[in-house]
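# Secondary and tertiary structure notes
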Amino acid sequence: MRLDVVSIFPEYLAALDLSLIGKARRDGLLEMSVTDLRDFTADRHRTVDDTPYGGGAGMVMKPEPWAQALEQIRDSTPGSRGDQPGGPARSQRPVLIVPSPAGEVFTQETARELAERDHLVFACGRYEGIDERVLEWARESFEVRPMSLGDYVLNGGEVAVLAMVEAIGRLIPGVIGNPQSLVEESHSDGLLEYPVYTKPASWRERGIPEVLLSGHHGKIARWRRDEQLRRTSSRRPDLIERLQPADLDARDRAA
Ligand SMILES: N#Cc1c(-c2ccc3ccn(Cc4cccnc4)c3c2)n[nH]c1N
């Protein structure tokens, strides 16, 4: 998979050189490049913003630097242009992910879907956002996906890209050492994860659930599943409502 990120704060993305994502890049499991939007400005002040048409507070990101940055990314990626009328086939099109408070909400399902694509391009806006015509223009060559981390307001797209790249990158085969850990974590099966414990067995007069010391794998699995259901019902009842009957077995229903 190839990832491109465009930002006026490229140093914000330095965290992606660390930990598992950084190792995946060094191991060649992920290609990633960060582009400074200001490299595509034409004035001495490297201006990327201007006042909004229609008035209002704040500034809007100018369209031309974005189009030039995205054209360079598109044209430097084999197969992205395609020679079919109407541009590249959907499967070849890079996905242009535009973090925005007005986007679809990014979920684990979104991460799974995007982890299957060949090329993701992230456009980190700032100010009050990017001139809308950029997204309209980009639809000729990209699958354009405005995407939100959730219902709260950030100052720009970089934090969202860090979260999305981590959520997507960890799903790429080989990035996580033990793929089994992907199965048992929150949201992997529609439920929140069970509580975890490690040594010492007694800590500041607090013990751990006896079943975890029993060595009885069936009972441990049942306890963990029950804890998932209990936690999810208590903290995220909205997730319980979304479960399909097939997601719950007879033992769950009896719990
Ligand atoms: N993903 C995501 C987001 C953002 C977000 C993403 C990109 C930008 C570019 C600018 N702003 C500031 C801004 C503030 C208010 C209105 N319009 C724009 C961004 C906020 N906010 N909340 C999320 N979940």
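The structure this text deals with has already been given above.
The text that follows walks through the structure, step by step, so that each part is easy to find. (Residues numbered from 1 in each chain as written. Predicted model: local features only at pLDDT ≥ 70, side-chain atom pairs only at ≥ 80, totals over all residues. Heavy atoms only, no water.)

## A word on the sheet that holds strand β1 (residues 2-7)
Put simply, the test is: A pair of strands is labelled paired if DSSP reports no fewer than 2 bridges between them. Here a helix means four or more residues in a row that DSSP labels H or I, a strand means two or more in a row labelled E, and each is numbered from the N terminus. Helix axes are fitted to C-alpha atoms over the stretch in contact, other axes to C-alpha atoms as well, and angles between N-to-C directions run from 0 to 180 degrees. Contact definition: two residues touch when any of their heavy atoms are within 4.5 Å.
Ordered by their spatial adjacency, 5 strands build an open sheet running β2-β1-β6-β5-β7, and the pairing between neighbours is parallel. One side of each edge strand has no neighbouring strand; the edge strands of this open sheet are β2 (31-36) and β7 (143-148). Taken pair by pair, the neighbouring strands of this sheet meet at an average axis angle of 30°, ignoring direction. Here 6 bridges tie β1 to β2, and the two strands are oriented parallel to one another. By the bridge assignment for β2, leucine 3 is matched with methionine 32. Here helix α2 (residues 63-75) sits on the sheet in contact with β1, β2, β5 (95-105) and β6 (119-123), set at roughly 160° to β1.

## A few points about the nonpolar core
Here is the rule: As used here, the term nonpolar core means buried Ala, Val, Leu, Ile, Met, Phe, Trp, Tyr and Cys residues forming a set that is joined through side-chain atoms within 4.5 Å. A simple rule labels every residue: compare its accessible area, found with a 1.4 Å probe on the protein chains alone, to the largest value its type can have, and call it buried under 20%, exposed over 50%, or partly exposed in between.
With 30 residues, the main nonpolar core has Ile97, Phe106, Leu114, Leu120, Phe122, Met164 and Ile168 as its most contacted residues. Elements with a minimum of two residues in this core: β1, α1 (19-26), β5, α3 (108-114), β6 and α5 (158-169). Counting residues per element, this core draws most heavily on α5, at 7 residues. Apart from the residues within four sequence positions on either side, phenylalanine 106 is in contact with Ala111, Leu114, Met147, Ser148, Met164, Ala167 and Ile168. Judged by nonpolar contacts, the second largest core, of 20 residues, contains Leu37, Val98, Val134 and Phe142.

## With respect to the site of the ligand
What counts is decided by this rule: A molecule or strand has a residue near it when one of that residue's heavy atoms lies within 4 Å. Nitrogen and oxygen atoms within 3.5 Å of one another constitute a polar contact, given that in protein one can donate a hydrogen and the other can accept it, and given that sequence-neighbouring residues count only through two side-chain atoms. Areas reported as accessible are Shrake-Rupley estimates using a 1.4 Å probe. Residue values count occlusion only from the protein chains shown.
Near the ligand you find 18 residues, and of these Pro99, Ser148, Gly150, Tyr152 and Leu154 are the closest. With respect to the ligand, the backbone of serine 100 contributes an N or O atom lying 3.5 Å from a nitrogen atom. Between the ligand and glycine 150 there is a distance of 3.0 Å, counted from a nitrogen atom to a backbone nitrogen or oxygen. Relative to its free-state accessible area of 500 Å², the ligand is covered by the protein chains to the extent of 88%. When contributions to the shell around the ligand are tallied by element, the ones reaching two or more residues are β5 and β7. Looking at which element gives the most residues to the shell around the ligand, the answer is β5, with 3 residues.

## A closer look at unusual backbone geometry
A cis geometry characterises the amide bond from lysine 199 onward to proline 200, with omega recorded as 5°. Among the secondary structure elements, proline 200 is positioned in the loop between α6 (180-183) and α7 (217-235). For serine 19, which is not a glycine, the phi torsion comes out positive at approximately 50°. For serine 19, the position within the fold is in helix α1. One non-glycine residue, glutamate 205, adopts positive backbone phi at about 65°.

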